[in-house]
Amino acid sequence: MRSVNDFHDIHEEAIGWRRYLHQNPELEYKVHNTANFVAEKLASFGINHIVTGIAETGVVAVIQGNDGDGPTIGLRADMDALPIVEATGKPWASQVDGKMHACGHDGHTAMLLGAAKHLATTRDFKGSVALIFQPAEEDGQGAGRMVKEGLMDRFNISQVFGMHNMPGIEIGKFGIRDGSIMAALDEFDIVITGRGGHAATPHITIDPVVVGAHIVTALQTLVSRNLDPTEALVVSVPKFTGSESYHIIPDSVTLGGTVRSLSPVLRDFAEKQIKICAENIAAAFGARVDYRHRRLEPLTFNQTEATELATAAATALVGPEAVNTQIKPVMVSEDFAYMLQARPGAFLFLGNGPTAGLHNPTYDFDDNAIPYGIGYWVNLVEGTLAN
């Protein structure tokens, strides 16, 4: 296993890659320049098995080890940015109006490129590693689309691993846990239809705004009065749209919300109970409800054996005291979950220090984290695919 000191030589070069990508952010599947940059770098490392165009702009490169036949494991980095106006004031700030790398995908891409350069030079493992550069993580569907287009079977991937930087965790430290580590994501819309009229005569209307207010209030107790406090479920209703007039009670209003859950049971519970709650409250007022529920990103679930491999790789790099193996799950979602549905694997967090939070216009990936990310990937490959 390698120590972080083994990757200082590549650190400065990887900083250059990261800052170039930061200055040139692209969104969703339209990461054409980023994908070309990645493919060109991979080819310059002497990798000759490079496939482009998966899920429009995804790139996969395969490195064969020198130690004989063995399985193929996948390592994934995301490439897309966000539609945010950058406010860091850094010399390498975004040069594209209204777009910025506010989630650190520039750092993720640079670290996997650094690992690719090292692994392509040493090839001190058996079997193969598939380096997966994914578009449209922020869209929530890029990973799923790569899977649907045959990623796992095409490259014969047996296990797959992901990593994300995390502000608030110190540089040089990692966080991981067995089982659920990031939430499943659902969205719902509730269209409430009553009977509109003049705001001065509410008694002859069925006011859908009042019905909606009661539904929003009731949904706040869905978790607190129905579930064990130790279970994790979030139901939020950020959207409430109705009349734009001060004097008109509309015929209908629309509520829109999100559900975050850490188990399939909780996910099923929320979908069923939100509908029942909305319909029953509406009926009590003489209104009716049209309920639509969309299941989006699945639960990010770490398989035990893969979690042990990931933990061993990080521990060998930084020592056991710097690897939190019981990190609390987070209620945000991650489309890498689609890859974990297709193959066993694990996802972990890499410390980004005391920076602004993800998706914040003042956030920036900390370049000091780069050798830790590279070292983790290399240790994971050389440890998992050992002789």
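Structure: above.
Residues numbered from 1 in each chain as written. Predicted model: local features only at pLDDT ≥ 70, side-chain atom pairs only at ≥ 80, totals over all residues. Heavy atoms only, no water.

Participant: Can you break down helix 10 (residues 370–384) residue by residue, with the values?
Facilitator: With 15 residues, helix 10 should cover 21 Å at 1.5 Å per step; its first-to-last C-alpha distance of 21 Å lies within 8% of that length. Of all the 15 residues making up helix 10, 13 are buried; the element is thus mostly covered by neighbouring parts of the structure. (Helix = DSSP H or I, 4+ residues; strand = E, 2+ residues; numbered from the N terminus. Expected span 1.5 Å × (residues − 1). Buried < 20%, exposed > 50% of the residue type's maximum accessible area, 1.4 Å probe, protein only.)

Participant: With reference to specific residues and values, describe the sheet that holds strand 10 (residues 233–241).
Facilitator: Reading across the sheet, the four strands line up as 10-12-8-13 and stay open at both edges, with antiparallel pairing between neighbours. With partners counted over all chains shown, the strands left at the sheet margins are strand 10 and strand 13 (288–295), one partner each. Each strand of the sheet is rotated relative to its neighbour by a mean of 20°, with strand direction disregarded. When strand 8 (residues 184–193) meets strand 12 (residues 252–261), the two strands line up antiparallel, connected through 10 bridges. Each bridged residue has a counterpart across the sheet, and for Val191 the counterpart in strand 12 is Thr254. Where helix 6 (residues 208–224) meets the sheet, it contacts strand 8, strand 10 and strand 12, and its direction lies at approximately 165° from that of strand 10. (Pairing = 2+ DSSP bridges. Axes fitted to C-alpha atoms, helices over the stretch in contact; angles between N-to-C directions. Contact = heavy atoms within 4.5 Å.)

Participant: Requested: an account of the nonpolar core, with residues and values cited.
Facilitator: If you look at the biggest cluster of nonpolar residues, it comprises 60 residues, and the most contacted ones within it are Leu42, Leu75, Leu131, Phe133, Phe174 and Tyr376. Core analysis: the second largest hydrophobic core is formed by 27 residues, Ala130, Met146, Leu151 and Phe347 among them. (Core = buried A, V, L, I, M, F, W, Y, C linked by side-chain atoms within 4.5 Å.)

Participant: I'd like to hear about the packing of aromatic side chains, residue by residue, with values.
Facilitator: All chains considered together, the criterion is met by seven aromatic pairs. Pairing Trp17 with Phe45 gives two aromatic rings, centres 5.8 Å apart and planes at 45°, and the pair type is tilted. Of the two residues, Trp17 sits in helix 1 (residues 8–23) while Phe45 sits in the loop between helix 2 (32–44) and strand 1 (49–54), which places them 28 residues apart along the sequence. Phe45 carries the same exposure label as Trp17, and that label is buried. Taking the centre distance of 4.9 Å and the plane angle of 25° together, the rings of Tyr20 and Phe37 count as stacked. Placement of the pair is Tyr20 in helix 1 and Phe37 in helix 2, with a sequence separation of 17 residues. Through successive ring pairs, a cluster of aromatic residues spans Phe174, Tyr376 and Trp377. Looking at Arg19, its charged tip hangs above the ring of Trp92, at a distance of 3.5 Å from the centre. The aromatic ring of Tyr29 is capped on one face by Arg145, whose charged end is 4.7 Å from the ring centroid. (Phe/Tyr/Trp six-rings, centres within 6.5 Å; stacked < 30°, edge-to-face > 60°. Lys NZ or Arg CZ within 6 Å of the ring centre and 35° of its normal.)

Participant: So what's going on with the sheet that holds strand 1? Residues and values would help.
Facilitator: In space, the eight strands of this open sheet follow the order 1-2-4-3-5-16-6-15, with mixed pairing throughout. This sheet does not close on itself; its edge strands, each paired only once, are strand 1 and strand 15 (323–324). As judged from the seven bridges shared by strand 5 (residues 157–166) and strand 16 (residues 345–351), these two strands associate in the parallel manner. Within strand 16, the position partnered with His164 by the bridge is Phe349. Helix 3 (residues 105–122) rests against strand 2 (58–64), strand 3 (72–78), strand 4 (128–134), strand 5 and strand 16 of the sheet, and its axis sits at about 145° to strand 3. The strands touched by helix 10 are strand 3, strand 4, strand 5, strand 6 (174–175) and strand 16; relative to strand 5, the strand with the most contacts, the crossing angle is about 160°.

Participant: Talk me through the pairing of strand 3; I want residue IDs and the actual numbers.
Facilitator: Burial of strand 3 is extensive: seven of the seven residues sit out of reach of the surface. Of the two faces of strand 3, the one carrying Thr72, Gly74, Arg76 and Asp78 and the one carrying Ile73, Leu75 and Ala77 are both buried. In this structure, strand 3 lies alongside strand 4, joined through seven bridges in parallel fashion. Among the inter-strand pairings, Gly74 is bridged to a residue of strand 4, identified as Ala130. One crossover worth recording links strand 3 to the parallel strand 4 by way of helix 3, and it is right-handed. With five bridges joining them, strand 3 and strand 5 adopt parallel strand pairing. Following the sheet pairing, Gly74 is matched in strand 5 by Val160. (Right-handed = clockwise from strand over helix to strand, strands pointing away.)

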